[in-house]
Amino acid sequence: MKTLEELQAIRETMQKQLNVRESDGNNIRVVVGMATCGIAAGARPVLTAFLDEVNQHNLDHITVTQTGCIGVCRLEPIVEIFAPGEEKVTYVNMKPEMVPVIVNEHLVNHKIVTEYTIGAAE
Amino acid sequence: MKELSLHILDIAQNSIEAGATRLELTLSEDGKGALTVVIRDNGHGMSPELLKTATDPFTTTRTTRTVGLGLPLFQLCAQQTGGGLRVESSLNEGTTVTAVAHRGHIDCPPLGDIAGTVSILTRSSPNLTLFFRHTTPLGTFSFSTEEAREILGSDIALSEPAVTLWIQAYIKENETLLYD
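Residues numbered from 1 in each chain as written. Chains lettered and ligands numbered in written order. Predicted model: local features only at pLDDT ≥ 70, side-chain atom pairs only at ≥ 80, totals over all residues. Heavy atoms only, no water.

Trainee: Looking at this structure, I do not really get the nonpolar core. What am I missing?
Mentor: Most often, soluble globular proteins have nonpolar side chains that are buried together. Within the largest apolar cluster, 79 residues are counted, with the highest numbers of intra-cluster contacts made by Leu-7, Phe-50, Ile-81 and Met-94 of chain A together with Ile-39, Phe-132 and Val-163 of chain B. Once residues lying within four places of it in the same chain are set aside, the contact partners of Leu-7 of chain A are Ala-148, Ile-151, Leu-152, Val-163 and Trp-166 of chain B. (Core = buried A, V, L, I, M, F, W, Y, C linked by side-chain atoms within 4.5 Å. Buried < 20%, exposed > 50% of the residue type's maximum accessible area, 1.4 Å probe, protein only. Contact = heavy atoms within 4.5 Å.)

Take a look at the structure:
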């Protein structure tokens, strides 16, 4: 049975990691659209999948956030990737199983997964 | 929406958009199948004019579309089970959405992943204090970001993936105790 004391242990582990974190200069932002359109299309498990991947592989330089309607409701769930010095990349019709591919190829190895992008869908 | 918890996530996002710093999410089940969901915030609220049309699909504050389906979809969902939805709001004070769904009705979707909904809401804004409370005939489970922040201190955010995922697992485990 999980207890709130476990949160204390997480805090202690994370405080040690905070000291060795890279500077914010190469921070990548992952933004998941979470308006009615995104939620109905399945954005919640997509967001959780990103959190899982980032957590499992200790990708401290990646920030996962949620936002409102991105504007192309018929292509939801939509995820936008903002990396410093690179153009924004928009992934559409997202499913949780696409998340490990994007994290590995794009966020770690800097190779855009073209077939998942809005350009390929349009 | 395939789950009641997705409607709840959607409506609670409106509270966050409305600048709420306090959000109470209360689920009560009476043991005879009626589930009452109360989503109460201290956001900027609605004027009486806006409140009148809040459940109209052609009312929205979003700028990307002229339709807003969150409240009308949740209302329809509740009504289809023989329940309903009510919105109360005062400008600069906040909004309360109350929905009743009859879980035994064939058209009632499952509650679904309420742990996913609550854990995602806890990380939506660093300024938000969220209170979650779920009561069934078997007991009550409650969780607040206040208790989590007290343990984590000021240097570890609730939006850290490890923290969000832990909160999700913690709520999921405690939710099962409310049913068996």
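Trainee: When you look at the packing of aromatic side chains in this model, what are you seeing that I'm missing?
Mentor: Centre distance and the angle of the planes are the two values used to describe a pair of aromatic rings. Residue and element names in this part refer to chain B. Here the structure, examined in full by the defined rule, presents 4 aromatic pairs over all chains. Seen in terms of ring centroids, Phe-141 and Tyr-170 are 5.8 Å apart; in terms of plane orientation they differ by 70°. Their pairing is edge-to-face. Placement of the pair is Phe-141 in strand E6 (residues 139-144) and Tyr-170 in helix H6 (residues 161-176), with a sequence separation of 29 residues. Overall, the relative accessible area of 6% leaves Phe-141 in the buried class. Each ring, one from Phe-143 and one from Tyr-170, has its centre 6.0 Å from the other, and the planes form 65°; the classification is edge-to-face. In this pair, Phe-143 is assigned in strand E6 and Tyr-170 in helix H6, connecting sequence segments 27 residues apart. (Phe/Tyr/Trp six-rings, centres within 6.5 Å; stacked < 30°, edge-to-face > 60°. Helix = DSSP H or I, 4+ residues; strand = E, 2+ residues; numbered from the N terminus.)

Trainee: How should the sheet that holds strand E1 (residues 22-29) of chain B be read in this particular structure?
Mentor: Working definition: the strands of a sheet are paired by backbone hydrogen bonds and lie parallel or antiparallel to each other. Residue and element names in this part refer to chain B. If you trace the 6 strands from one edge of the open sheet to the other, you get E3-E4-E2-E1-E5-E6, paired in mixed fashion. Strands with a single pairing partner mark the edges of an open sheet, and in this sheet they are strand E3 (84-90) and E6. Each neighbouring strand pair of the sheet contributes to a mean axis angle of 10°, computed without reference to strand direction. In this structure, strand E2 (residues 34-41) lies alongside strand E4 (residues 94-102), joined through 8 bridges in antiparallel fashion. Note on E4: the bridge partner recorded for Leu-35 is Ala-101. Relative to the sheet, helix H3 (residues 70-80) contacts E2, E3 and E4, its axis offset from that of E3 by approximately 140°. Contacts between helix H4 (residues 114-122) and the sheet are confined to E1, strand E5 (129-136) and E6, with E5 contributing the most and set at about 165° to the helix. (Pairing = 2+ DSSP bridges. Axes fitted to C-alpha atoms, helices over the stretch in contact; angles between N-to-C directions.)

Trainee: What is the right way to read the environment of Leu-138 of chain B from this model?
Mentor: Residue and element names in this part refer to chain B. Residue placement: Leu-138 occurs in the loop between E5 and E6. We classify Leu-138 as exposed; its relative accessible area is 56%. For Leu-138 and Leu-177, which are 39 residues apart along the polypeptide, the C-alpha to C-alpha distance reads 7.8 Å. Aside from chain neighbours lying at most four places away, what touches Leu-138 is Leu-177, Leu-178, Tyr-179 and Asp-180.

Trainee: How should the pattern of salt bridges be read in this particular structure?
Mentor: Residue and element names in this part refer to chain B. Within this structure, the stated rule accounts for 8 salt bridges over all chains. The closest approach of N and O atoms between Arg-40 and Glu-24, which form a salt bridge, is 3.7 Å. Of this pair, Arg-40 sits in strand E2 while Glu-24 sits in strand E1, and the two are 16 residues apart along the sequence. Accessibility expressed as a relative area gives 24% for Glu-24, which makes it partly exposed. Among the ionic pairs, Arg-103 bridges to Glu-29, the shortest N-O distance being 3.1 Å. Placement of the pair is Arg-103 in the loop between E4 and H4 and Glu-29 in strand E1, with a sequence separation of 74 residues. (Salt bridge = Lys/Arg side-chain N within 4 Å of Asp/Glu carboxyl O.)

From the geometry alone we can't say anything about function, so treat these as descriptive.
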